[in-house]
Structure formats: C-alpha cells, structure tokens
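This is what each chain is made of:
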Amino acid sequence: MPADPLTLGGRTFTSRLMTGTGKYTDFGVMREVIAASGAQIVTVAIRRVELNAPGHSGLLDALNWDALQLLPNTAGCRTADEALRVARLARAATGVSWIKLEVIPDARYLLPDPVGTLRAAEALAADGFTVLPYVQADAVLARALEAAGCAAVMPLASPIGSGRGLRAPELLRTVLDGARVPVVVDAGLGVPSDAAQALELGADAVLVNTALAEARDPVGMARAFALGVQAGRAAFLAGRMAPRAHASPSSPVSGVVALPDPEVPV
Amino acid sequence: MSAPTLSVNGELHPLRPGLTLLTLLRDLGVDPARVAVAVNNDFYPGARVPDRSLEDHDVIEIVRIIGGG
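Here goes a summary of the coordinates provided. (Residues numbered from 1 in each chain as written. Chains lettered and ligands numbered in written order. Predicted model: local features only at pLDDT ≥ 70, side-chain atom pairs only at ≥ 80, totals over all residues. Heavy atoms only, no water.)

## Some details on the overall build of chain B
Across its full length, chain B carries one helix and five strands. Taken from N to C terminus, the helices and strands of chain B fall in the order β-β-α-β-β-β. The C-alpha atoms of chain B give 12 Å as radius of gyration, which agrees with the globular expectation for 69 residues (11 Å, within 12%). Along the three orthogonal principal directions, the C-alpha set of chain B runs to about 45 × 25 × 20 Å. Expressed as a percentage of contacts within chain B between residues at least 6 apart in sequence, the contacts between residues at least 24 apart total 49%. When the accessible area of chain B is evaluated, it comes to approximately 3,600 Å², of which 52% is carbon and sulfur surface. Side-chain charges of chain B comprise 6 positive and 9 negative groups, with the mean position of each set lying 9 Å from the other. (Helix = DSSP H or I, 4+ residues; strand = E, 2+ residues; numbered from the N terminus. Rg over C-alpha atoms; globule rule 2.2 N^0.38 Å. Contact = heavy atoms within 4.5 Å. Areas by Shrake-Rupley, 256 points an atom, 1.4 Å probe, with all protein chains shown as cover. Lys, Arg positive; Asp, Glu negative; His and termini not counted. Charge placed at Lys NZ, Arg CZ, Asp CG, Glu CD.)

Written as structure tokens, this is what we have:
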C-alpha cells in the first residue's frame, strides 16, 4: 500500500478517481475506460425492469466486482422516500450496502435537495448503509451529513453532465475546511485540469462519468484524468506557494550586469 | 367492489386467485436471478425471492442494475 491511501467507508483505495458506467453503449469500451482510469470505485444505477421488453445483458456480469467497489446510486429519485426505497432495492440487487445518495427534484440543473438528502442520509446510515451523499458545496450541510454518519460528502463542481468544471472553488474550500470525512467532488468536471484543481484545493477524490464517456477518445481521456488527479493530489501534498498581488522576480535583483543595448546606435 | 389488482412497476396488474410472487415473475418473463424485488416495504435479492402470496393493492417493484454515474 502506498503512503497516501484514500480511506473511505472502512476500506482503503490507491486511486482517487472514481468513474460511472453511464452513457456507454458498449461494455468493451466501458471496461477499457475503467481500467485506464485506474478507478477502484465504480457507480451504477437502478432501474425498473421493462416488463414489455424483458431480456438484457447484465452490467454486473461485465465487470470484475472482486477488484472494484460497487457504488449504486439513487439517480432519478426526487424525494427522500424514493431514495430510501431505491437504496434498499440497490442493496438487494447487489448485496452491497454502499449508496451514492441523490435526491434531485430539479430536472433542469439536476441540483440536489439538501433537506431531503439529509433526511434520507440519516435513515440510511441508521440502516447500516455506507452513505455518500451528492450535495451542493455547502459547509453547514456537509457538517450535518457527517454528523448523520455519512462516509463521505460529494459536493458538485457544476451541474451533472455539464463539463463546466469547478465553478465555485471558494465554496468547495469551505466544505474542505474542517471536513472529518473524505470530500469527493462529483459532477461537472470536464477536463483533467478540473480534477487537478479539485485535488489541489484538498478534495480527497473526484468522480467523473460524462467527461470520459463523451470524450472523442474515452480511454485516452480516462488515462489523462488519472494523471490529472495524481498531479493535483501531489500538488496538494507539496503545498502551494502563497499568491501575491504583484510580481516578485525569480532572479536576484542585485549584481545585474549592464550590457550595451543593441537597439541604441553607437 | 373492484377486481383485486397489484401495482407492478407502476402499472396495474390483475391479481388472480392463487397468484404468488414467483408465478408473477414467471408470467412476466423475468428471471429472478437478474433482478431485485420489493413487495411493499419488503426487499428481496433476486436469487432469494420467496414464493409469497400476494394481496390486493400490493405494490411490487422489479429492478435491475444499469449503467449510471
């Protein structure tokens, strides 16, 4: 185990990049993307079986879950009660009690309901789930979710699937400041520099799906995100310089040699 | 009095006498091993769905895993 593992829900991981399985039509590409990303935590969704069109190839069979932590989500749930029901169905379907909790009443921006999320998180944590709630970058809410027993908090960078990057780094900073559980930036990351920025600020991990699935070369982008996450984490551990308002010469200011100016005719 | 019905994945389904959870799944063409099932507030892994009898107004959900983020 390297010196800097991510500990989440009582397990340790070497990768700080998590990926989803959405938007892939081809399990082969999805498998290659997950391998290239190095992700060890992989999300899936729960949906009703289409009774008029039964027969489907199983996503669960397409990946090696001995090597991956399965993280079912409650995407599509608009209320706390719906999320509780889907979480319990997810546990029954997978045998896994980890849940990425999403309570999202708003379809346009897919922004989470903080009150419903907290209520569902309390119930699920009490029911033995390892709860990872998707939230806005709100420090007060994050502390309440920690107190409710969540294993992590997952503030969004920008709206789901928008690829707009980290739009409110100052708010993320308030969530990171004093966090007692891992902070996983989820949603809206578009390019590896977005992931690097989140890790540089001190986020413990990021989760991406669309940025990989909709890249021209998903496998190449997965590799690039893995590097971005590693760069950001290394920079965070190394400690950034303090920004200054004005320039500060890197070379000594004394002992400057006075050379003839070639622009001036002799 | 209306005929007894179930809600199955949000749609009304007739409850004929003697219908059980396993016969319902078989009627629907669903392989239990690939799904999870809720009957009201009871949740079952597909491989361990009990052959319980069903009652008027039971709410049944049959779900599977798909790709998601």
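That covers the picture; the talk isn't over yet.
## Some remarks on the state of the cysteines
Residues and elements named next belong to chain A. Considering all chains together, one arrives at zero disulfides over all chains under this definition. Looking at the unpaired C77, the closest cysteine sulfur is the one in C150, lying at 16 Å. Since its relative accessible area comes to 4%, C77 is described here as buried. (Disulfide = S-S within 2.5 Å. Buried < 20%, exposed > 50% of the residue type's maximum accessible area, 1.4 Å probe, protein only.)

## Side note on the environment of A:R164
Residues and elements named next belong to chain A. In this fold, R164 is placed in the loop between strand 8 (154-155) and helix 6 (169-176). Note on R164: relative accessible area 48%, which makes it partly exposed. Sequence-wise, R164 and V191 are 27 residues apart; in three dimensions their C-alpha atoms are separated by 8.9 Å. Beyond its immediate chain neighbours, meaning those up to four positions away, R164 contacts S158 and G188.

## A few points about the packing of aromatic side chains
Aromatic rings in a pair are described by how distant their centres are and how their planes are angled relative to each other. Residues and elements named next belong to chain A. Inspection of the entire model under this criterion finds one aromatic pair over all chains. Ring geometry for F13 and W98: centres 6.2 Å apart, planes at 80°, overall edge-to-face. Placement of F13 in strand 2 (residues 11-13) and of W98 in strand 6 (residues 98-101) is noted, with a sequence separation of 85 residues between them. W98 sits in the buried class, given a relative accessible area of 7%. Looking at K100, its charged tip hangs above the ring of Y134, at a distance of 6.0 Å from the centre. (Phe/Tyr/Trp six-rings, centres within 6.5 Å; stacked < 30°, edge-to-face > 60°. Lys NZ or Arg CZ within 6 Å of the ring centre and 35° of its normal.)

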